[in-house]
Amino acid sequence: MVRGSFGLCAVMILAVGMSAQEPRVVNPDWFPKKDMMTIGVYYYPEAWPESQWARDMANIRKLNMEFVHMGEFAWSFMEPEEGRYDFAWLDRAVDLAAKNGLKVVLCTPSATPPIWLSRNHPETLTVDSAGRRIDHGSREHADWSSPVYREYVRKIDAELAKRYGNDKRVWGWQIDNELSHYGKRFSYSEASTQKFRDWLKEKYGTVSRLNADWGAAFWSQRYQSFDQITIPNADVLVADPSPHAVLDFRRWFAHEAANYLADQAAVLRRYSKDQWITTNFMAMHEDVDPSLSRNSLDVFSWTHYPVHGNANEGPLGFRLGSAATMSFMHDLMRSFNGISGPMELQPGQVNWGEVNPWPLPGAIHMWLLRAFGAGARFVCTYRYRQPLFGSELYHKGLAETDGVTPSPGGREYAQAMAEIAELRKSYDPNAKAPAEYEGRRTAFLIDYSNRWDISNHKQTKRWDTEEHWMKYYRGLKSMVAPVDVLTSDRDFSKYPFVVAPAYQLVDSELVKRWTTYAENGGHLILTCRTGQKDRRGQLWEGLWAQPILSLIGARIPIYDDLPEGVYGQVSAGGKNYSWGSWADILEPKEGTQTLAKYTDQFYAGKAAAVTRKVGRGTVTYVGVDTLTGDLEAQILRGVYERAGAKPAALPPNLLLDWRDGGFWVATNFTSVNQSLTTGAGTQFLVGQRELAPGGAAVWKQQ
Ligand code: GAL
């Protein structure tokens, strides 16, 4: 039997997590479908002599850019002294942009409070885990839980919105910039602590319920009142904090960030009439959850720097970036309401990696076409001019240090935008995605709580949640499956396939939805670590992963993980694969088919992956996390083939997608030349059949 609170907990989470998360209705004129995608660039008028602005705006337009993005760090120029606002300079910059045919995205400057604010109100600065007050002199150092800071932000936002909210030249708004405290992560201030307590009070009502859910009987951690609770902070504790307290803290932090975004959005909307609102989340960032902003943002955007010294796949991966993470971010951000795009996409070499190599010539152009293929409605790049001062002076822009010569990246941006302008002429509003392609459409289920809970208690340092996701994601893209990354409050019932990787925290409601999904003909793929705990992060008083056992048709009597340098073996379909991070050892019930077996360790011969029919559909459980993900890709392929979905077979990292308007788009993130196989009647509109590494092609198929 599972613990009685299984059902109760589910009801609570639904009440807290599912209410009011409806997407906003977006004005279709903001991003006309027929324009498909537009490209723009960041510009900092406040940092350049005004005598150069007109020249710069004209040159931005000459690079084919269609919009400029301004103001996210300009608070000390907008409000040089408390209550004295100066927008005259911004008026002139907006005017010049418009005169050059550029739409304007304006930003709230809350990422960089002015010095007078930090000095007059030190309580608005964050406090780090060692209890130190963070100083002025960088960015994202303000504590958005501080009521005083919130008030100042509301005031400047209101002034901005009053001035530009009705200005047709201003297309939309970005709130803040990469909402986070970067390496400092959280603020441990009094204000944050108080708001965390308030949130807990609201969630639990009584401290005894909190004690129960936090398992506070362990180590006598019991609290007598909410006021005694502090933010769990490993730096001031002798041993590990309560994992349940940490999980709640991370939930609170994400909610607080979403609440801050909603707060700013509400101020902008009070005065803004017909302009969209976004914020630029960070790619793959785990602390701030964009799904919590579904009902406050109109547009979902993020920042992405694919090349900053990371190896990625293949010998040229360090110059090409990761195909999987780039594509995954599009599939996540597009899924909220269909209006999405990267707000910062790398323009060339950056300055902040441990090493900062050049992207491969052509790669930047390929990323732009990848955005196009993924259905992005816009891309913006950071930044137009390479700075001559400040901590990012080694960061490339679209223009070189002379301020006028287009950089190599600048030329690739200009090329991509010229191509998109051409492609618009072939836009077919009635084009339908090919049925075979749609037949492979996959919902990829994630939940930020799973990430938080796993990183809180990984059990093995070899485990990497995001890399685990990517193993499945790469497998899906190599079959040319269109993917939508969904949080589990979303409806996945219509998708022919659902993949829920390492879905650690479940409740009865979700397991029921999964079961009904399969019974109705869906194909569900679950992977190791799924269903281990309830939503509080507590284990079941039942067998391991009890709630999913009847669904997967197997027991999981043990799991294993191996020390660094030790590899276990697993075999499937006559091939062998190595693993090191996680292995659920499965005992299938009658009627459940084994897909992969361990071939060594003391459990040699036991099942590593199983599948079974459930109603009109199937449920597959992959218990092992292999080194390369090749086994996972093979198992996925088997599921899609048996379901009659005719998976394609592309080399991993050669991506192919269909986009509205009737276009196929291929991008070659592999380190070798690829030759595209397309049917008769192929009309190449960009590129050609042969793709070098970093190459991209767009075509129509008759
Ligand atoms: C982003 C940030 C920008 C700029 C850029 C440099 O993460 O949002 O403001 O710092 O990095 O690559």
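Nothing here was measured: the structure is a model prediction, and the numbers come from that model. (Residues numbered from 1 in each chain as written. Predicted model: local features only at pLDDT ≥ 70, side-chain atom pairs only at ≥ 80, totals over all residues. Heavy atoms only, no water.)

A. Expanded view of the overall build of the protein. Counting its regular elements, the protein contains 19 helices and 25 strands. The C-alpha radius of gyration computed for the protein amounts to 26 Å, which stays within 12% of the reference 27 Å derived for 702 residues, consistent with globular compactness. Its C-alpha atoms put the protein at 80 × 75 × 45 Å along the principal axes. Across the 702 residues of the protein, 60% fall into the buried class. (Helix = DSSP H or I, 4+ residues; strand = E, 2+ residues; numbered from the N terminus. Rg over C-alpha atoms; globule rule 2.2 N^0.38 Å. Buried < 20%, exposed > 50% of the residue type's maximum accessible area, 1.4 Å probe, protein only.)

B. Structural context of the site of the ligand. The full set of residues close to the ligand is F73, R139, N177, E178, Y305, E344, W352, Y382, E392 and H395. Separating an oxygen atom of the ligand from a side-chain N or O atom of E178 is a distance of 2.6 Å. One of the side-chain N or O atoms of H395 is found 2.6 Å from an oxygen atom in the ligand. For the ligand, the protein covers 95% of the area, taking 310 Å² as the surface of the free molecule. (Near = heavy atom within 4 Å. Polar contact = N/O pair within 3.5 Å; in protein donor to acceptor, adjacent residues only side chain to side chain. Areas by Shrake-Rupley, 256 points an atom, 1.4 Å probe, with all protein chains shown as cover.)

C. Spatial organisation of the pattern of salt bridges. One pass over the structure, following the stated rule, counts 48 salt bridges. The partner of R139 in a salt bridge is E392, and the shortest N-O contact between them spans 3.6 Å. Of this pair, R139 sits in the loop between α5 (115–120) and α6 (147–164) while E392 sits in the loop between β8 (378–381) and α13 (408–424), and the two are 253 residues apart along the sequence. With a relative accessible area of 27%, R139 lands in the partly exposed category. Overall, the relative accessible area of 17% leaves E392 in the buried class. The salt bridge partner of K396 is E400, with a shortest N-O separation of 2.7 Å. Given a relative accessible area of 13%, K396 falls into the buried group. (Salt bridge = Lys/Arg side-chain N within 4 Å of Asp/Glu carboxyl O.)

D. Just the pairing of strand β2 (residues 67–70), in detail. Burial along β2 is two-sided: the residues F67 and H69 and V68 and M70 are all buried. When strand β1 (residues 38–42) meets β2, the two strands line up parallel, connected through 3 bridges. Looking across to β2, one finds that V41 is bridged to V68. Handedness of the crossover joining β1 and β2 through helix α2 (residues 53–62): right-handed. Two elements, β2 and strand β3 (residues 103–107), share 4 bridges in a ladder whose sense is parallel. The residue bridging M70 from the neighbouring strand is L106, located in β3. (Pairing = 2+ DSSP bridges. Right-handed = clockwise from strand over helix to strand, strands pointing away.)

E. Broad picture of helix α4 (residues 88–99). Relative to the 16 Å expected for 12 residues at 1.5 Å per residue, α4 spans 16 Å between its end C-alpha atoms, a close match to the ideal helical length. W89, L90, A93, V94 and A97 are the residues of α4 that are buried. All buried residues of α4 project into a common sector of 135° when viewed along the axis, lining one side. Of the surrounding secondary structure, the elements contacted by the buried residues of α4 are α2, β2, α3 (75–78), β3, α6 and β4 (170–175). The first or second residue beyond α4 is G101, which carries a positive phi of 75°. (Expected span 1.5 Å × (residues − 1). Arc of directions from axis to C-beta. Contact = heavy atoms within 4.5 Å.)

F. Fine view of unusual backbone geometry. Geometrically, the link from Y382 to R383 is a cis peptide bond, its omega value of 25° lying close to zero. As for its position among the elements, R383 is in the loop between β8 and α13. A positive phi angle, close to 55°, is found at E140, a residue other than glycine. Within the secondary structure, E140 is located in the loop between α5 and α6. A residue is classified by how much of its surface remains accessible, and E140, at 5% relative accessible area, is buried.

G. Focus on the domain arrangement of the protein. The domain architecture assigned to the protein consists of domain 1 (36–185 + 255–426), domain 2 (441–642) and domain 3 (654–701). Once you take the C-alpha centre of each, domain 1 and domain 2 turn out to be 37 Å apart. Listed by partner, the interface residues are 19 residues for domain 1 and 19 residues for domain 2. The junction of domain 1 with domain 2 conceals about 1700 Å² of combined surface from both sides, 53% of it contributed by carbon and sulfur atoms. If you look at where domain 1 meets domain 2, you find 2 salt bridges. Among the salt bridges present, the one from R334 reaches D484, with a minimum N-O distance of 2.9 Å. Counting every contact that joins domain 1 to domain 2 gives 13 residue pairs in polar contact (both at pLDDT 80 or more). Class assignment for the residues of the side of domain 1 that touches domain 2 results in 7 nonpolar, 5 polar and 7 charged. (Domains from an automatic or database assignment. Buried area = accessible area lost by both parts, 1.4 Å probe. Nonpolar A, V, L, I, M, F, W, Y, C, P; charged D, E, K, R; others polar.)

H. Highlighting empty space enclosed by the protein. Scanning all chains against the criterion turns up 4 cavities of 30 Å³ or more. Of the voids in this model, the largest cavity is the one considered here, and its volume is about 70 Å³. Residue lining of the largest cavity: 14 residues in total, with M282, H285, M329, L332 and Y448 positioned closest to the centre. Elements with a contribution of two residues or more to the lining of the largest cavity: β5 (276–282), α11 (323–337) and α15 (448–456). A total of 4 residues in the lining of the largest cavity trace back to one element, the largest contributor, which is α11. Tallied by class, the residues present in the lining of the largest cavity amount to 12 nonpolar, 1 polar and 1 charged. Here the lining of the largest cavity spans two domains, and each of domain 1 (36–185 + 255–426) and domain 2 (441–642) adds at least three residues to it. Its volume calculated, the second largest cavity comes out at about 60 Å³. If you trace the second largest cavity, you find it lined by W30, F31, P32, D35, M36, M37, T38, K103, W171, R377 and R424. (1 Å grid on protein atoms, 1.4 Å probe; cavity = no way out; pocket = protein on both sides within 12 Å on 5 of 7 lines; lining within 4 Å. Points joined across faces, edges and corners; volume = space filled by probe spheres on them.)

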